[in-house]
Amino acid sequence: MTMKKINIFLSILAALSLSACSLDLEPTTATVYDGVHLVVTGEDLMAAEAGFMDAYRAIHNGMYSTTEELMLDGFNATASFGNNYGSVHRTDDSYTSSDDYIDSYWQNHYVVIGRYNNLIDDISIAENVPEGYEEAASIILGEAYFCRAEAYLNLVRHYGKDYDPADAVSLGVPVVLHYDLNGRPARNTVHEVYDQIKNDLDSAAVHLAAVPGELMAAYPTMDCVNALYARYYLDTEDYDNAVTAANTVIATGRYTLSNTIEKLTAEFVNDAGTEAIMQLPGNQNSEPVNSNSVYTSMGNSQDHGQVFNSLYLPSRKLVDSYSTTDIRGRVWLSTTDYYTEINGSYYRGNFATFVKYFGNPNLYSGTPNGAQMIKPYMISEMYLIKAEAQNMGGHAADAKTTLNALQTARGAELTSGSMTNIQNEWFRETVGEGLRLSCLKRWHIGFDAREGQPGALAVNAIMTGTYYDQRSFADDDYHLVWPVPASQIRLNPNLVQNAPYGQ
């Protein structure tokens, strides 16, 4: 390798390491830059797999799910939230294309896409695969295609309009498939991005055909591919295929819905449940996971021991959405477990705190930190996708059967399979998972004022006013499509901003 190419390679690695707090994980091998082949041995190949899965884990949970959740209707900022996610939550004049969260989401997804691209380019060429590793390389190639497909789906769901079969001109995000140091790609259309997602999924399906799936799979499997197909088909309004893809995963019987408080607690506190189609490994040291601590943010008090220092509380709409028999409300909402400190005052029993991501005891020492094993795909989502696709495909009776299966397991009230009921179930079931934005866009609905819990309002525990508890979104509010980060436009003048955001 020439000195020039070595320097380019090291510069790229440095850029990747500085771009996000969790993206400086190894490997530094198994990639190809400027035509330089870097996978030489089987050890390089396996290091590459571990490395891009580390990168995959780094863009899940934390800000990658909370940013949109706090923008919408499920949560209210507490009086001591310290302006964390403030501009996103308010979406007032302080929310611009220079928002750090919006910028980081874009930038870090392209960082990991770069890793997937380099590996795909390298081992797609048969002679580059180390001898004796052909089967492993094929599976790893499928994993990379899967991860790239998901990354582009995440990006287009946030920075592009909802997919419309009749709209072939609306812009999505740039589709970048190969390393180009001097590249200044323009945005592809939403249709073109979804076409690339489909191409990658089709490639993943070929390479992962012999990897059927398992509960809490640490790496992509065919069940994961079908789960992502289900998302893709729902977005692109191919409802028959969405039903087929979702039902293919459900019908395996490998994943079952929690139907007791104990089972749901095991799923979401101990990460030892029966619902995860995929669950990424994590620990406190070598495999850190992003935390969802904004909901609990535990601290210690001399008089009260461990206390919640919550930055955001569940809205009245979220709390009221659960019936008294619904095990989700009983497991994911806490009213008396701990005191909550708000600006030096302590409350217990006044209002509910969102504890779906309280923290796995294996991922913290002493004080719970809101870190859970990352579960990118859950069987409950497959029921929701199947029910919605059945309804949209004109099969309301089938949608009711599917929806009732989920509701029965959760101890919720059984309803018809109407779109309103399906939408309400999406809200109850997937809250906190970073799916709300895509749902509202897909349904072309907004939300009414995110009223606070009466008990929180009574003690002035939450922020109030036009851009807090009174904030609402009209149908198809432009904030549902995020702005292209201003920093990216400065670097790449070929990028066009989403209206009506400024540059």
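Residues numbered from 1 in each chain as written. Predicted model: local features only at pLDDT ≥ 70, side-chain atom pairs only at ≥ 80, totals over all residues. Heavy atoms only, no water.

A. Local environment of helix α14 (residues 396-410). If you check α14, its first and last C-alpha atoms are 21 Å apart, about what 15 residues at 1.5 Å a residue would give, namely 21 Å. Within the span of α14, buried status applies to Ala399, Thr402, Leu403, Asn404, Leu406, Gln407, Ala409 and Arg410. For α14, the secondary structure elements touched by its buried residues are α10 (261-268), α12 (327-332), α13 (379-392) and α15 (419-430). (Helix = DSSP H or I, 4+ residues; strand = E, 2+ residues; numbered from the N terminus. Expected span 1.5 Å × (residues − 1). Buried < 20%, exposed > 50% of the residue type's maximum accessible area, 1.4 Å probe, protein only. Contact = heavy atoms within 4.5 Å.)

B. Region of interest: empty space enclosed by the protein. Enumeration according to the criterion identifies 7 cavities of 30 Å³ or more in this entry. For the lining of the largest cavity, the secondary structure elements donating two or more residues are α3 (63-71), α5 (100-123), α6 (134-159) and β12 (377-378). When residues of the lining of the largest cavity are assigned to their parent elements, the largest contribution, 4 residues, is made by α6. Residue classes in the lining of the largest cavity are distributed as 11 nonpolar, 10 polar and 8 charged. (1 Å grid on protein atoms, 1.4 Å probe; cavity = no way out; pocket = protein on both sides within 12 Å on 5 of 7 lines; lining within 4 Å. Points joined across faces, edges and corners; volume = space filled by probe spheres on them. Nonpolar A, V, L, I, M, F, W, Y, C, P; charged D, E, K, R; others polar.)

C. Just the confidence of the model for the protein, in detail. Chain-level pLDDT for the protein is 92 on average; 93% of the residues reach the 70-or-more range. Low confidence marks residues 1-32, where pLDDT is under 50. Its contacts with residues over four positions away, or in another chain, come to 62 contacts. (pLDDT = per-residue confidence, 0-100.)

D. Representation of the environment of Tyr85 within the structure. Along the chain, the position of Tyr85 falls in the loop between β3 (75-77) and α4 (86-90). A relative accessible area of 8% means that Tyr85 is categorised as buried. Along the backbone, Tyr85 and Tyr239 are 154 residues apart, and their C-alpha atoms lie at a distance of 35 Å. For Tyr85, the contacting residues outside a window of four places in its chain are Gly62, Met63, Thr66, Thr67, Leu70, Tyr101, Val294 and Tyr312.

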